[in-house]
Amino acid sequence: MRALILMLAILAIVTSAQSAKAGLSGSPREVPPSADTATAADEANQQTEDQMRLTRAKRRAVQRGLIRLGFDTRIDGKFEEQTRDAIGRWQQGRGYLRTGFLNTPQYKALLSESTAAAQASRSGDQDRHRGGRARHSRGGIGGPIGAIGHVVGGILGR
């Protein structure tokens, strides 16, 4: 019986190994365009970005949004080379002309998309907390062996 429980535990560990590979991705997420590209297709350049008068706080919000969407940049409120590259890659992935500068429709689309990604991430975290294993075991064997043993014991009436 113990051998069966051990084999089932090992099988459960092996099959769940793929889902255990979590962490930050080096590549941006595959996301369809979040805005009508016809309205946001006007070329974004230094002038269109200057007209928006982005404060340092708004620039940091853009940088946070890019990070949420999987683009690597620094959050410092300055649009330097790393941020310009991230903006350009975001534009290219959404069907915009890759300039590295934002216009108003693109700015709104980026913030909207990053807010949606943050909300989806938070709801996923809440689902994991509700349906996940307890963090602390209260006696007995924990983990998959304890869970399988509990089920088998319940079936056999022990």
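Residues numbered from 1 in each chain as written. Predicted model: local features only at pLDDT ≥ 70, side-chain atom pairs only at ≥ 80, totals over all residues. Heavy atoms only, no water.

**A few points about the overall build of the protein**
Secondary structure assignment for the protein yields 8 helices and 0 strands. Reading the protein from its N terminus to its C terminus gives the helix and strand order α-α-α-α-α-α-α-α. Counting over 158 residues, the protein shows a buried share of 28%. Within the protein, residue pairs in contact and separated by at least 24 positions form 53% of the contacts whose partners lie at least 6 positions apart. (Helix = DSSP H or I, 4+ residues; strand = E, 2+ residues; numbered from the N terminus. Buried < 20%, exposed > 50% of the residue type's maximum accessible area, 1.4 Å probe, protein only. Contact = heavy atoms within 4.5 Å.)

**Thoughts on the packing of aromatic side chains**
In this description, an aromatic ring pair is defined by two values, namely the gap between the centres and the angle between the planes. For the structure on display, the rule yields 1 aromatic pair. Here W90 and Y96 contribute two aromatic rings whose centre-to-centre distance is 5.3 Å and whose plane-to-plane angle is 35°, an arrangement assigned as tilted. The exposure classification of W90 matches that of Y96, with both residues buried. It is R59 that lies over the ring of F79; its NZ or CZ is 4.6 Å from the centre. (Phe/Tyr/Trp six-rings, centres within 6.5 Å; stacked < 30°, edge-to-face > 60°. Lys NZ or Arg CZ within 6 Å of the ring centre and 35° of its normal.)

**Some thoughts on unusual backbone geometry**
Despite not being glycine, R53 has its phi angle at roughly 50°, a positive value. Classification of R53 by relative accessible area gives exposed; the value is 71%.

**As for the packing of helix α5 (residues 56-68) against helix α6 (residues 81-93)**
One can describe the packing of α5 onto α6 by two numbers: an axis separation of 11 Å at closest approach and a directional angle of 60°. If you check the angle between α5 and α6, you find them oblique. Relative to α6, α5 is oriented so that their crossing is left-handed. Contact residues: R59, Q63 and L66 in α5; T83, R84, A86, I87 and W90 in α6. In terms of residue class, the contact of α5 with α6 is made up of 4 nonpolar, 2 polar and 2 charged. (Axes fitted to C-alpha atoms, helices over the stretch in contact; angles between N-to-C directions. Parallel < 35°, antiparallel > 145°, perpendicular 65-115°, else oblique. Left-handed = near helix turned anticlockwise from the far one by under 90°. Nonpolar A, V, L, I, M, F, W, Y, C, P; charged D, E, K, R; others polar.)

**Regarding α5**
An ideal rise of 1.5 Å per residue puts 18 Å on 13 residues; α5 measures up with 18 Å between its terminal C-alpha atoms. Restricting attention to buried positions, one finds in α5 the residues R59, V62, Q63, G65 and L66. One side of α5 holds all its buried residues, which, seen down the axis, span an arc of 160°. (Expected span 1.5 Å × (residues − 1). Arc of directions from axis to C-beta.)

**Some thoughts on the pattern of salt bridges**
A complete count under the given rule lists 4 salt bridges for this structure. Put simply, D85 and R89 hold a salt bridge, and the shortest N to O gap is 3.1 Å. With D85 and R89 both in helix α6 and 4 residues apart, the pair spans about one turn of that helix. Under the relative-accessibility criterion, R89 is labelled partly exposed at 26%. E113 is paired through a salt bridge with R94; the nearest N and O atoms lie 2.7 Å apart. Placement of E113 in helix α7 (residues 104-131) and of R94 in the loop between α6 and α7 is noted, with a sequence separation of 19 residues between them. (Salt bridge = Lys/Arg side-chain N within 4 Å of Asp/Glu carboxyl O.)

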